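So the chains spell out like this:
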Amino acid sequence: MPNKIRTPIILYIFDFPMWSNLHFYMNDRKQISAKRFFGLDFLRALSISLLLFSHCSWIYNSKSLFGKLEDASGFLGVELFIVLSGFLIGGILYKQFLQEYYGFKDAYLFVSRRLMRVLPSYYLVIFILIIIYMIFGFSISEVWRYPLLIQNFDSPITAFFPESWSLPVKEMGYIFAVALLVIASKLFTKITKKTLFLLVIVGLIIVTLTAKIYYNIHSTNLDLKQWSFEIRSVVIYRIDSVLIGVLFGYFYQNHKEFVLSKSKLFLAIGVLLLLLLVACVIVFKFRLSNAAWFWNILCLPLVSLTICLFVPFLLNWKKPSERIGNVITFICNVSYSIYLLHYSIILFLLKYFINTNDFVLWQLNIFTLFYIFITIGLSYIMYTYFEKPINEYRAKNFKLNDK
């Protein structure tokens with residue numbers, strides 16, 4: 001595809017554009033609790049809305065503050081769901097690990113369940129993209145990395161399906177955690193599983209932070225566009241974000257009443273930390289040239305921690321009405337399909353066949369509404385006739401023992 005589809009992810013919120021994606025897990029949350037959390041569903045719906053809003057910057061090509069806010073919304077959306085995914089899946093993993101006879105079979109079942117959730121629809125979209133690439137004569141030399149989820153393991157992702165970078169971040173984070181938990185449970189039988197789980201997750205976070213420190217020491221990069229490809233979207237530097245969510249899930253499982261009762265306190269601390277991060281960028285003007293340590297080491301983990309601090313408040317958020325709840329649920333259900341289809345397939349094809357360069361504002365608005373309508377419609381079809389039947393099969397045949 002043309003290089004223009006590979007817009008970079010940048011964190012200078014009011015200075016640079018960014019691209020992003022998100023992906024989340026509806027069915028797994030049921031294993032943490034039978035209760036639906038409207039606040040978390042709302043967050044999912046908000047995140048996919050932020051994603052679509054952010055990619056509209058490719059339609060409008062706006063250099064104004066509004067255009068930059070479009071770009072920034074994508075960053076927020078994907079970071080929300082990396083952490084939220086860790087929180088939800090971490091709770092499942094923790095409860096499973098506490099089983100008396102946790103072993104390789106349990107770990108295999110967990111990983112199989114995870115991959116069964118994400119890979120079928122993902123593989124379908126890769127197949128469609130390969131056909132599109134062949135029709136338009138684009139290179140597919142690096143496509144072999146994508147089915148293995150190693151397209152951005154230790155290097156920047158290619159122009160093929162660029163928004164898929166967060167999928168390997170999350171799944172590799174879980175796979176590493178599960179593998180180490182199995183090994184640790186066999187080697188350290190005298191340590192309680194609660195302590196062992198904590199040590200493994202914290203250890204993995206420290207390893208990732210060490211990799212960031214190594215990058216910071218040896219990198220001379222002063223460009224945030226390059227930073228976004230080399231740090232933010234590379235697995236070995238990012239799995240700490242999903243694991244911070246897992247760690248918060250562990251904290252929630254062990255101190256549920258405290259977390260829920262202090263939700264407003266957590267929210268206040270989260271707001272203060274968010275304001276501090278914004279101040280570092282806007283007021284104190286931290287840049288790679290004068291504060292590389294902030295960007296390379298601290299920024300993304302602090303963003304993840306901030307998001308975690310908002311979760312307790314969302315868990316206590318009640319559904320305002322049945323109608324609103326139904327709308328939010330619908331958006332949540334089709335969100336994974338939206339993530340997979342909306343950018344590299346739908347928006348690319350629309351932009352390829354419809355030249356919007358000479359469009360005036362009202363024409364761009366109609367084009368955007370058409371793009372959103374087509375995206376939601378096709379995503380609903382994909383969810384109903386492909387994703388949902390597979391999820392139902394998965395729920396029936398890949399049950400975890402987490403009682």
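Refer to the structure above for everything that follows.
Residues numbered from 1 in each chain as written. Predicted model: local features only at pLDDT ≥ 70, side-chain atom pairs only at ≥ 80, totals over all residues. Heavy atoms only, no water.

Q: Would you mind showing me how to read the packing of helix H6 (residues 193-218) against helix H8 (residues 235-254) here?
A: Helix packing for two helices is described by the angle between their axes and how far apart those axes are. Axis separation between H6 and H8 bottoms out at 9 Å; the angle between their running directions is 155 degrees. With respect to H8, the axis of H6 lies roughly antiparallel. Taken as a pair, H6 and H8 cross one another with a handedness that is left-handed. Contact residues: Lys 194, Phe 197, Leu 198, Ile 201, Val 202, Leu 204, Ile 205, Thr 208, Leu 209, Ala 211, Lys 212 and Tyr 215 in H6; Ile 236, Tyr 237, Arg 238, Ile 239, Asp 240, Leu 243, Ile 244, Val 246, Leu 247, Tyr 250 and Asn 254 in H8. (Axes fitted to C-alpha atoms, helices over the stretch in contact; angles between N-to-C directions. Helix = DSSP H or I, 4+ residues; strand = E, 2+ residues; numbered from the N terminus. Parallel < 35°, antiparallel > 145°, perpendicular 65-115°, else oblique. Left-handed = near helix turned anticlockwise from the far one by under 90°. Contact = heavy atoms within 4.5 Å.)

Q: I tried to follow the packing of aromatic side chains on my own but got confused; where do I start?
A: Aromatic ring pairs are described here by two measures, namely the spacing of the ring centres and the angle between the planes. For the structure shown, the criterion picks out 37 aromatic pairs. Residues Phe 97 and Tyr 102 carry aromatic rings whose centres are separated by 5.0 Å and whose planes lie at 75 degrees to one another, so their mutual orientation is edge-to-face. Side by side, Phe 97 and Tyr 102 carry an identical accessibility label, which is buried. Geometrically, the ring pair formed by Phe 294 and Trp 295 is edge-to-face, given 5.4 Å between the ring centres and 85 degrees between the ring planes. (Phe/Tyr/Trp six-rings, centres within 6.5 Å; stacked < 30°, edge-to-face > 60°. Buried < 20%, exposed > 50% of the residue type's maximum accessible area, 1.4 Å probe, protein only.)

Q: I would appreciate a short explanation of the pattern of salt bridges in the present structure.
A: Should the charged atoms of two oppositely charged side chains come close, the side chains can pair. The final tally for this structure, using the stated rule, is eight salt bridges. Ionic pairing is found between Asp 41 and Arg 44, a salt bridge with its closest N-O pair at 2.9 Å. Residue Asp 41 and its partner Arg 44 are both found in helix H1 (residues 38-55); the two are separated by three residues, about one turn of the helix. Arg 238 is the partner of Glu 79 in a salt bridge, and the nearest nitrogen-oxygen pair spans 2.9 Å. A residue pair is termed long-range when its members are at least 10 positions apart, and Glu 79 in helix H3 (residues 65-97) and Arg 238 in helix H8 qualify at 159 residues. We note that Glu 79, like Arg 238, is buried. Several salt bridges share partner residues, and in doing so they unite Glu 79, Arg 232 and Arg 238 into one network. (Salt bridge = Lys/Arg side-chain N within 4 Å of Asp/Glu carboxyl O.)

Q: What is the right way to read helix H12 (residues 322-353) from this model?
A: Because an α-helix completes one turn every 3.6 residues, residues spaced three or four positions apart along the sequence face the same direction. The terminal C-alpha atoms of H12 lie 40 Å apart, and with 32 residues this falls more than 12% below the ideal 46 Å at 1.5 Å per residue. Considering bend angle alone, the principal kink of H12 is centred on His 342 and spans about 60 degrees. (Expected span 1.5 Å × (residues − 1). Bend = angle between axes of the 7 residues up to and from the residue.)

Q: Looking at this model, I keep getting lost on the environment of Phe 398. Mind explaining?
A: With respect to the helices and strands, Phe 398 occurs in the segment after helix H13 (361-397). The sequence separation of Phe 398 and Met 116 amounts to 282 residues, and the corresponding C-alpha distance is 8.8 Å.

Q: What exactly am I supposed to notice about the packing of H1 against helix H11 (residues 292-315) here?
A: Relative to each other, H1 and H11 sit at 125 degrees, their axes nearing to 7 Å. Classified by the angle between their axes, H1 and H11 sit oblique to one another. Judged by residue contacts, Gly 39, Leu 40 and Leu 43 of H1 engage Val 311, Leu 314 and Leu 315 from H11. For the contact of H1 with H11, the class distribution of residues is five nonpolar, one polar and no charged. (Nonpolar A, V, L, I, M, F, W, Y, C, P; charged D, E, K, R; others polar.)

Q: What is the right way to read helix H4 (residues 104-136) from this model?
A: For H4, which comprises 33 residues, the first-to-last C-alpha distance of 45 Å matches the rise-based estimate of 48 Å (1.5 Å per residue) to within 8%. The sharpest bend along H4 measures roughly 35 degrees and falls at Leu 119, with the proline Pro 120 sitting one to four residues further on. Just beyond H4, the residue with positive phi is Gly 137, at close to 75 degrees.

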